[in-house]
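Structure at a glance
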Amino acid sequence: MTDTPTRHDQHGRYPRAETTDDFRHNLDVVHARIAAACRRAGRDPAGVRLLPVSKTIDEARIRHAYAAGCRFLGENKVQEAHHKWEAMQDLGDLRWSVIGHLQTNKAKLVARFASEFQALDSLRLAETLDRRLQLEGRTLDVFVQVNTSEEASKYGLAPDDVAAFIRELPRFPALRVRGLMTLALFSDDTERVRACFVRLRGLRDRLRQDAPDGIGLDELSMGMSGDFEIAIEEGATVVRVGQAIFGARAVPDSHYWPGGNS
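Here goes a summary of the coordinates provided. (Residues numbered from 1 in each chain as written. Predicted model: local features only at pLDDT ≥ 70, side-chain atom pairs only at ≥ 80, totals over all residues. Heavy atoms only, no water.)

1. Topic: the pattern of salt bridges
- On inspection of all chains with the given rule, the structure shows 22 salt bridges.
- The closest approach of N and O atoms between Asp141 and Arg178, which form a salt bridge, is 3.1 Å. Here Asp141 is found in strand S5 (residues 140-145), whereas its partner Arg178 is found in strand S6 (residues 175-181), with 37 residues between them in sequence.
- Looking at Arg178, the relative accessible area reads 34%, which means it is partly exposed.
- Close ionic contact of Glu233 with Arg194 constitutes a salt bridge, the shortest N to O distance being 2.8 Å. Taken together, the residues span a long stretch of sequence, with Glu233 in helix H8 (residues 228-233) and Arg194 in helix H7 (residues 190-208) at a distance of 39 residues. (Salt bridge = Lys/Arg side-chain N within 4 Å of Asp/Glu carboxyl O. Helix = DSSP H or I, 4+ residues; strand = E, 2+ residues; numbered from the N terminus. Buried < 20%, exposed > 50% of the residue type's maximum accessible area, 1.4 Å probe, protein only.)

Written as structure tokens, this is what we have:
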């Protein structure tokens, strides 16, 4: 499967989706790519969740995406996500996943509205989130973010630090740990990109052998518009796809997370 190329050359060139039909078309294309990757890997496509990433996308276009079938959206900036959540309260079954780095002073917003948080990378943040969630009477699905590319510009725990981190998480009962998340190297070098995904899967498999009670490590959130097929071949259960669904963004990725793309 090493001959599967990245599609990073399309980054910034996807046509902008404006109508419900545009979104239906793009979702069909992405689902077809997911299904093809699953066939190559001998996997059931039902085991891969598509998380459309709606960062920078205005409410009107999100409503078209909703009409096309999107019910779970990913956002990088919590204040932007919270604003959208407030503006679209009429869409009662629309859920939100915060997938970008979170400062502890913004944890109260995540605790208020998010269904999922994919960038847990410090015990201080875990403690703050847990406390805020308990005040709200809520629980939250979380993924532990791992810096598998070891780039200084990226957030996430070093792979060697994850085991000790996981052992501490049962102290926070409002956090439902579901798995691990990573951002691969943004590169046309397929082998180096694939290595990031292989590393996360291998880490998850090792950690799962003696994970504390109540800590779930079934999920692997990895892969974006340019590389999610490779991620699926290496075991991704969640792929975070923005541009291939919504179209190219006007705001650079560095505004949302260092070294990140979707």
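2. Focus on helix H1 (residues 20-41)
- Counted at 1.5 Å a residue, the expected span for H1 with its 22 residues is 32 Å, and the 31 Å between its end C-alpha atoms agrees.
- Turning to H1, its buried residues are Thr20, Phe23, Asn26, Leu27, Val30, Arg33, Ile34, Ala35, Ala37 and Cys38.
- Looking at the packing, one finds that the buried side of H1 touches strand S1 (49-52), helix H2 (59-67), H8, strand S8 (238-241) and helix H9 (243-246).
- With its phi angle positive at about 65 degrees, Gly42 sits one or two positions after the end of H1. (Expected span 1.5 Å × (residues − 1). Contact = heavy atoms within 4.5 Å.)

3. Remarks on the pairing of S8
- Of the two faces of S8, the one lined by Val238 and Arg240 and the one lined by Val239 and Val241 are each fully buried.
- Across 4 bridges, S1 lies against S8 in parallel orientation. Residue pairing in the sheet places Pro52 in a bridge with Val241 of S8. (Pairing = 2+ DSSP bridges.)

4. Some remarks on a positive patch on the surface
- Positive charge collects at one region of the surface, where Lys108, Arg112, Arg131 and Arg132 lie side by side.
- Elements that contribute at least two residues to the positive patch include exactly helix H4 (107-113) and helix H5 (123-136).
- Taking relative accessible area as the criterion, Arg131 reaches 45% and is therefore assigned partly exposed. (Patch = residues over 30% accessible without salt bridge, like charges linked within 9 Å, V, L, I, M, F, W, Y side chains within 5 Å. Areas by Shrake-Rupley, 256 points an atom, 1.4 Å probe, with all protein chains shown as cover. Lys, Arg positive; Asp, Glu negative; His and termini not counted. Charge placed at Lys NZ, Arg CZ, Asp CG, Glu CD.)

5. Quick notes on the packing of aromatic side chains
- Tallied over the full model, the rule gives 2 aromatic pairs.
- Centre to centre, the rings of Phe23 and Phe246 are 5.3 Å apart; their planes meet at 70 degrees, and the pair counts as edge-to-face. Note that Phe23 is positioned in helix H1 and Phe246 in helix H9, a separation of 223 residues in sequence. Each of the two residues, Phe23 as well as Phe246, counts as buried. (Phe/Tyr/Trp six-rings, centres within 6.5 Å; stacked < 30°, edge-to-face > 60°.)

6. Overview of the environment of Pro170
- Tracing the backbone shows Pro170 in the loop between helix H6 (162-168) and S6.
- A sequence separation of 104 residues divides Pro170 from Tyr66, and the C-alpha atoms of the two residues are 35 Å apart.

7. A word on the environment of Pro173
- One can find Pro173 in the loop between H6 and S6.
- On a C-alpha basis, the gap between Pro173 and Glu127 in space is 10.0 Å, while along the polypeptide they are 46 residues apart.
- When neighbours within four sequence positions are excluded, Pro173 is seen to be in contact with Asp130 and Gln134.

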